Amino acid sequence: MHTFTFSKRGIAAAAAFPLALSGLLLTASPSQAADVTAAPSKSYSLSQVKAHNKATDCWSVVGKNVYNLTTWIPKHPGGKTVVTAMCGKNGTATFNSQHKGSGSAARALAPYKIGAVR
Ligand code: HEM
């Protein structure tokens, strides 16, 4: 009479397959991929920011970060002059004088971040 049994090798292979699969998934996880490909985060001194002090080349500091505002200047709903006044300096106080606590202004600012101030 034939008895239906699993071979030991078959059980080992069946157990190993999900392990191998999860190993592959871990290796390919987005967080690890990001670690490999992410550019090092940049930081700039205030003297570097000072070199970009005009409307056609405008960097500014708001809080802890440095922003390149050059392409934002013509888009600003409140006009070019007030943003141009921030170029080449720490613009935190100027920004906050109008927009402190404004989510929409913070959201508009975020894409222009180029690094941290050191
Ligand atoms: C990079 C810096 C800045 C960003 C990203 C920014 C962003 C914005 C945004 C998104 C608006 C549309 C309305 C709102 O959502 O509040 C706005 C409006 C306005 N902003 Fe700014 N802003 C900046 C700098 C400044 C500065 C320095 C001043 C003045 C000191 C200023 C004065 C105004 C005024 C007066 C309005 C109202 C315009 C209107 O509705 O007619 N902004 N800004």
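As the structure is a computational prediction, the values presented were derived from the model and not from experiment. (Residues numbered from 1 in each chain as written. Predicted model: local features only at pLDDT ≥ 70, side-chain atom pairs only at ≥ 80, totals over all residues.)

1. Here's the deal with the confidence of the model for the protein chain
Moving on, step 1. When pLDDT is averaged along the protein chain, the result is 81; 68% of the residues meet or exceed 70.
Moving on, step 2. Confidence, expressed as mean pLDDT per element, reaches its minimum in the protein chain at helix 1 (residues 8–27) with 43 and its maximum at strand 3 (residues 57–62) with 99.
Moving on, step 3. Note on residues 1–8: pLDDT under 50 across the span, and 1 contact to partners over four residues away in sequence or across chains.
Moving on, step 4. The low-confidence segment residues 10–33 (pLDDT under 50) makes 2 contacts with residues lying over four places distant or belonging to another chain. (pLDDT = per-residue confidence, 0-100. Helix = DSSP H or I, 4+ residues; strand = E, 2+ residues; numbered from the N terminus. Contact = placed C-beta atoms within 7 Å.)

2. A word on the site of the ligand
Moving on, step 1. Residues in close proximity to the ligand total 18 residues, the closest being Gly78, Val82, Gln98, Ser104 and Ala108.
Moving on, step 2. Here the element with the most residues in the shell around the ligand is helix 5 (residues 92–99); it accounts for 5 residues.
Moving on, step 3. A class-by-class count of the residues in the shell around the ligand yields 10 nonpolar, 8 polar and no charged. (Near = placed C-beta within 6 Å. Nonpolar A, V, L, I, M, F, W, Y, C, P; charged D, E, K, R; others polar.)

3. Re the nonpolar core
Moving on, step 1. With 13 residues, the main nonpolar core has Trp59, Val62, Val66, Tyr67, Leu69, Met86 and Cys87 as its most contacted residues.
Moving on, step 2. Where this core is concerned, the elements lending two or more residues are strand 3 and strand 4 (65–68).
Moving on, step 3. The element best represented in this core is strand 3, accounting for 4 residues.
Moving on, step 4. Beyond its immediate sequence surroundings of up to four residues, Trp59 is in contact with Val49, His52, Val66, Tyr67, Asn68, Cys87 and Gly88. (Core = buried A, V, L, I, M, F, W, Y, C linked by C-beta atoms within 7 Å. Buried ≥ 20, exposed ≤ 12 C-beta atoms within 10 Å, placed from the backbone.)

4. Remarks on the pairing of strand 3
Moving on, step 1. For strand 3, the buried fraction is high: 5 of the 6 residues fall into the buried class.
Moving on, step 2. Pairing analysis gives 2 bridges linking strand 2 (residues 53–54) to strand 3, with the strands arranged antiparallel. From the neighbouring strand, Lys54 faces strand 3, where its bridge partner is Asp57.
Moving on, step 3. Where strand 3 meets strand 4, 4 bridges bridge the pair, whose relative direction is antiparallel. Considered in strand 4, the bridge of Val62 is made with Asn65.
Moving on, step 4. Where strand 3 hands over to strand 4, the hairpin turn is made up of 2 residues, of which Gly63 adopts a positive phi near 65°.
Moving on, step 5. Pairing analysis gives 2 bridges linking strand 3 to strand 5 (residues 89–90), with the strands arranged parallel. When the sheet's bridge partners are listed, Ser60 is paired in strand 5 with Lys89. (Pairing = 2+ DSSP bridges.)

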